[in-house]
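Architecture at a glance
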Amino acid sequence: KTTQIHRLVDSLRAAGRVVLPLREPGGTTIGEKIRSLLLDMSGSPMQIETEALLFLAARRELVQERIRPALQAGQTVICDRFADATLAYQGYGRGMDLDSLRALNAFATAGCRPELTVLLDLPVEAGLQRRKLDPAEWNRFDAASLAFHQQVRRGYLELARAEPERWRVIDADRPADLVALDVARVVHEALATI
């Protein structure tokens, strides 16, 4: 995702757009502290509800501090993960109730929703192999079971099927250059209609 976001940001800026790239959790002082806590491999086990609430707290800060002001200024916001990640990870992956998570997401985002969500899809095993290429980035979620990751992927694909007008699923099990072309194409097309 990180590689593709950098390429997309460059493509959008080359087209004359003012772009704000962000990541979740993170993007704010509080969000980065929450990120460290959530991803820490040495931390003690965490209740799944606590995990979800920490993501939501970081999201609330990001929306209020960075996303809303950028959108009001006419900028294009590209966010590495957002509210759907909570549904996929804590809902499908951890088994929390999806309706409860949707209600909490609505509160955390104050109604802020993406116009477009791009899902870079590839088999779980391939995704984990790519993550292992950078051991410094390996985190608590990466270390979860294969079954967890398969549930998360299934969740993302179900979310995409439920809202095809917002989601674009791109086969990421290809060379990065080909994936980047597809990502740029779908994002530029979507922005032309907004």
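To start, this report covers the structure provided alongside it. (Residues numbered from 1 in each chain as written. Predicted model: local features only at pLDDT ≥ 70, side-chain atom pairs only at ≥ 80, totals over all residues. Heavy atoms only, no water.)

What follows concerns the packing of helix 2 (residues 29-39) against helix 3 (residues 48-72). The geometry of helix 2 relative to helix 3 is characterised by a closest axis approach of 8 Å and an angle of 160 degrees between their N-to-C directions. With respect to their mutual orientation, helix 2 and helix 3 come out roughly antiparallel. Of the two elements, helix 2 crosses helix 3, and the hand of that crossing is left-handed. Contacts from Ile30, Gly31, Ile34, Leu37 and Leu38 of helix 2 reach helix 3 at Glu51, Leu54, Phe55, Ala57, Ala58 and Glu61. (Axes fitted to C-alpha atoms, helices over the stretch in contact; angles between N-to-C directions. Helix = DSSP H or I, 4+ residues; strand = E, 2+ residues; numbered from the N terminus. Parallel < 35°, antiparallel > 145°, perpendicular 65-115°, else oblique. Left-handed = near helix turned anticlockwise from the far one by under 90°. Contact = heavy atoms within 4.5 Å.)

Alternating positions in strand 3 (residues 117-121) separate cleanly, Thr117, Leu119 and Asp121 being buried on one face and Val118 and Leu120 remaining unburied on the opposite face. Bridge count between strand 3 and strand 4 (residues 167-171): five bridges; the pairing is parallel. Bridging from a neighbouring strand, Thr117 pairs with Trp167 of strand 4. (Buried < 20%, exposed > 50% of the residue type's maximum accessible area, 1.4 Å probe, protein only. Pairing = 2+ DSSP bridges.)

This next bit is on the nonpolar core. Core analysis: the biggest nonpolar cluster contains 24 residues, and Tyr89, Phe141, Phe148, Val152, Tyr156 and Trp167 have the highest contact counts within it. Among the elements of the structure, helix 2, helix 3, helix 4 (83-93) and helix 7 (146-162) are those that each provide at least two residues to this core. At six residues, helix 7 tops the list of elements feeding residues into this core. In this structure Tyr89 touches Arg81, Arg94, Phe141, Phe148, Val152 and Tyr156, once residues within four positions along its chain are discounted. With twelve residues, the next largest nonpolar core counts Ile5, Val19, Val179 and Leu191 among its residues. (Core = buried A, V, L, I, M, F, W, Y, C linked by side-chain atoms within 4.5 Å.)

So, about the pattern of salt bridges. Between side chains of opposite charge, a pair can form as their charged atoms come close. By the definition in use, this model includes 16 salt bridges. A salt bridge links Arg166 to Asp84; the nearest nitrogen and oxygen atoms lie 2.8 Å apart. Linking Arg166 in the loop between helix 7 and strand 4 with Asp84 in helix 4, this pair joins segments that are 82 residues apart in sequence. Taking the shortest distance from any N to any O, the salt bridge between Asp142 and Arg131 comes out at 2.8 Å. Of this pair, Asp142 sits in the loop between helix 6 (124-132) and helix 7 while Arg131 sits in helix 6, and the two are eleven residues apart along the sequence. The class for Asp142 is buried, based on a relative accessible area of 9%. What makes Arg131 partly exposed here is its relative accessible area of 30%. If you follow the salt bridges from partner to partner, you end up with Asp84, Arg113, Glu163 and Arg166 in one network. (Salt bridge = Lys/Arg side-chain N within 4 Å of Asp/Glu carboxyl O.)

The amide bond that connects Glu24 to the next residue, Pro25, takes the cis arrangement and shows omega of -15 degrees. Within the secondary structure, Pro25 sits in the loop between strand 1 (19-23) and helix 2. The backbone of Arg81 sits at a positive phi, close to 80 degrees, despite the residue not being glycine. Residue position: Arg81 is located in the loop between strand 2 (76-80) and helix 4.

Moving on to the environment of Arg131. Note: C-alpha distance between Arg131 and Asp142 (eleven residues apart in sequence) is 7.6 Å. Every residue in contact with Arg131, bar those within four places of it in the chain, is listed here: Glu137, Trp138, Asn139 and Asp142.

The tally for this structure, following the rule as stated, stands at five aromatic pairs. A ring pair is formed by Tyr89 and Phe141, whose centres lie 5.8 Å apart and whose planes are at 90 degrees; its orientation type is edge-to-face. Residue Tyr89 is located in helix 4, and its partner Phe141 is located in the loop between helix 6 and helix 7; the two are separated by 52 residues in the primary sequence. For the pair formed by Tyr89 and Phe141, the shared burial category is buried. Taken together, Phe55, Tyr89, Phe141, Phe148, Tyr156 and Trp167 form an aromatic cluster joined through their ring pairs. One Lys or Arg, Arg94, reaches over the ring of Phe148 and ends 4.4 Å from the middle of that ring. (Phe/Tyr/Trp six-rings, centres within 6.5 Å; stacked < 30°, edge-to-face > 60°. Lys NZ or Arg CZ within 6 Å of the ring centre and 35° of its normal.)

Interpretation in functional terms is not warranted from these geometric data alone.
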